[in-house]
Amino acid sequence: MEYLVLNGHYNLMQNISEIDGLVKLISKLPGLGPKSAKRIVLKLINNRDELIKPMAKVLAEVYKNISRCKICGSLKSNLNGCNNCENNKNKYTKICVVENIADQWSIESSSIYQGYFHILGGTISSSNNQRKEDLLINSLVTRVKKDNIEEVILATSATVEGQTTAFYIQDSLKNTNVKISKLAQGLPVGGEIENLDDGTLISAFKNRTSIENGTD
Ligand SMILES: [Zn+2]
């Protein structure tokens, strides 16, 4: 088998279309360029039974069973329902709105917040095609009413898109009586939640400011 005798001459892999295709796919993953993708592919090929076979099976299962919850935006298994909202035994009075799951993980690991999460899955931006419907904002309004939520904490990034999105959400909630707050201004401009250190995040939560809500 010619690919087993490559000895690090990655360029030789290019002539096999299956391998070439896999390298291209893996280079699309975060933090990986073509060179590291080739090293990964070589590792996979040299460990067919230990890596490729179980990985192919797990990928097929993830593709089939994992989807985004249409209520809260989190990832869920279609077999068990959503742990973030449906199966959540705790009853909270707060919802924290974040752009993505990595942001939720950062906030959870800082232990500053106890409550539900709502994952937008992006921001409103003029430069991309993110549709407002995809951000599950209608579903957020429904959750606020249905779960008797007392406070919505907007934890979107300190970027133009993040702030535009926060404003749009605030507007969408104006007919509810919920208290709306946003993270303190201590956030560095352009700061994305997932990249903040715990200290900054905790202080931004503690010092969060209330936003005027309602039409009165
Ligand atoms: Zn959910």
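The following paragraphs examine the structure supplied in this document. (Residues numbered from 1 in each chain as written. Predicted model: local features only at pLDDT ≥ 70, side-chain atom pairs only at ≥ 80, totals over all residues. Heavy atoms only, no water.)

Describing the pattern of salt bridges
Then comes step 1: Under the criterion given, the structure shown has four salt bridges.
Then comes step 2: One salt bridge connects Glu151 with Arg208, and the closest N-O pair in it is separated by 2.7 Å. With Glu151 in strand E5 (residues 151-154) and Arg208 in the loop between helix H7 (198-206) and strand E7 (209-211), this residue pair connects regions lying 57 residues apart in the sequence. (Salt bridge = Lys/Arg side-chain N within 4 Å of Asp/Glu carboxyl O. Helix = DSSP H or I, 4+ residues; strand = E, 2+ residues; numbered from the N terminus.)

What to know about the coordination of the zinc ion
Then comes step 1: Cys69 (SG), Cys72 (SG), Cys82 (SG) and Cys85 (SG) make up the full set of protein donors to the zinc ion, lying at 2.3 to 2.4 Å.
Then comes step 2: Taken together, the four donor atoms surrounding the zinc ion define angles of 101 to 116° at the centre, an arrangement classified as tetrahedral. (Donors = N, O, S within 2.8 Å, 3.2 Å for Na, K, Ca; no water. Tetrahedral: all angles 85-135°; square planar, octahedral: opposite > 155°, others 65-115°.)

Overview of the sheet that holds E7
Then comes step 1: Taking strand neighbours across the sheet as the criterion, the five strands line up as E4-E3-E5-E6-E7 in an open arrangement whose pairing is mixed. Since the sheet does not close on itself, it has two edges, and those belong to strand E4 (116-119) and E7, each with one partner. Going across the sheet, the axis of each strand differs from the next one's by a mean of 30°, ignoring polarity. (Pairing = 2+ DSSP bridges. Axes fitted to C-alpha atoms, helices over the stretch in contact; angles between N-to-C directions.)

Some points on the side chain of Thr165
Then comes step 1: For Thr165, the position within the fold is in helix H6 (residues 160-172).
Then comes step 2: Judged by its relative accessible area of 0%, Thr165 is buried.
Then comes step 3: At 2.6 Å, the side chain of Thr165 forms a polar contact with the backbone oxygen of Glu161.
Then comes step 4: Excluding anything up to four places from it in sequence, Thr165 contacts Leu120, Thr123, Ile124 and Leu135. (Buried < 20%, exposed > 50% of the residue type's maximum accessible area, 1.4 Å probe, protein only. Polar contact = N/O pair within 3.5 Å; in protein donor to acceptor, adjacent residues only side chain to side chain. Contact = heavy atoms within 4.5 Å.)

Brief notes about unusual backbone geometry
Then comes step 1: With a phi close to 60°, Ser111 is a non-glycine residue in the positive phi region.
Then comes step 2: Positionally, Ser111 belongs in the loop between helix H4 (101-110) and E4.
Then comes step 3: When its relative accessible area of 57% is taken as the criterion, Ser111 is described as exposed.
Then comes step 4: Unlike most non-glycine residues, Leu136 shows phi in positive territory, near 60°.
Then comes step 5: For Leu136, the location among the structural elements is in the loop between E4 and helix H5 (137-146).

Section: helix H1 (residues 17-27)
Then comes step 1: When H1 is considered as a whole, its buried residues turn out to be Ile19, Val23 and Ile26. The arc enclosing the buried residues of H1, seen along the axis, measures out at 70°, which places them on a common side. What points out from H1, more than 90 degrees from its buried face, is the exposed set Ser17, Glu18, Lys24 and Leu25.
Then comes step 2: Where H1 is buried, its residues touch helix H2 (34-46). (Arc of directions from axis to C-beta.)

A look at the environment of Lys132
Then comes step 1: Position of Lys132 relative to the elements: it lies in the loop between E4 and H5.
Then comes step 2: If we skip the residues at most four places from it in the chain, Lys132 touches Ile124 and Tyr168.

Notes on a nonpolar patch on the surface
Then comes step 1: Together, Val58, Val62, Ile66 and Leu75 make up a nonpolar patch on the protein surface, roughly 330 Å² of accessible area in all.
Then comes step 2: Summarising the element assignment, Val62 is placed in helix H3 (residues 48-65).
Then comes step 3: Assessed through its relative accessible area of 42%, Val62 is described here as partly exposed. (Patch = residues over 30% accessible without salt bridge, like charges linked within 9 Å, V, L, I, M, F, W, Y side chains within 5 Å. Areas by Shrake-Rupley, 256 points an atom, 1.4 Å probe, with all protein chains shown as cover.)

Some points on the nonpolar core
Then comes step 1: Among the nonpolar cores identified, the biggest contains 20 residues, and Val97, Val144, Val152, Leu154, Ile169 and Leu173 are the most heavily contacted of them.
Then comes step 2: Secondary-structure elements contributing two or more residues to this core are strand E3 (94-98), H5, E5 and H6.
Then comes step 3: In terms of residue count, H5 provides more of this core than any other element does, four residues in total.
Then comes step 4: Not counting chain neighbours up to four residues away, the residues in contact with Ile169 comprise Val97, Leu120, Ile137, Leu140 and Leu154.
Then comes step 5: Counting residues in each nonpolar core, the second largest holds 15 residues, with Val98, Ile153, Ala155 and Leu196 among its members. (Core = buried A, V, L, I, M, F, W, Y, C linked by side-chain atoms within 4.5 Å.)

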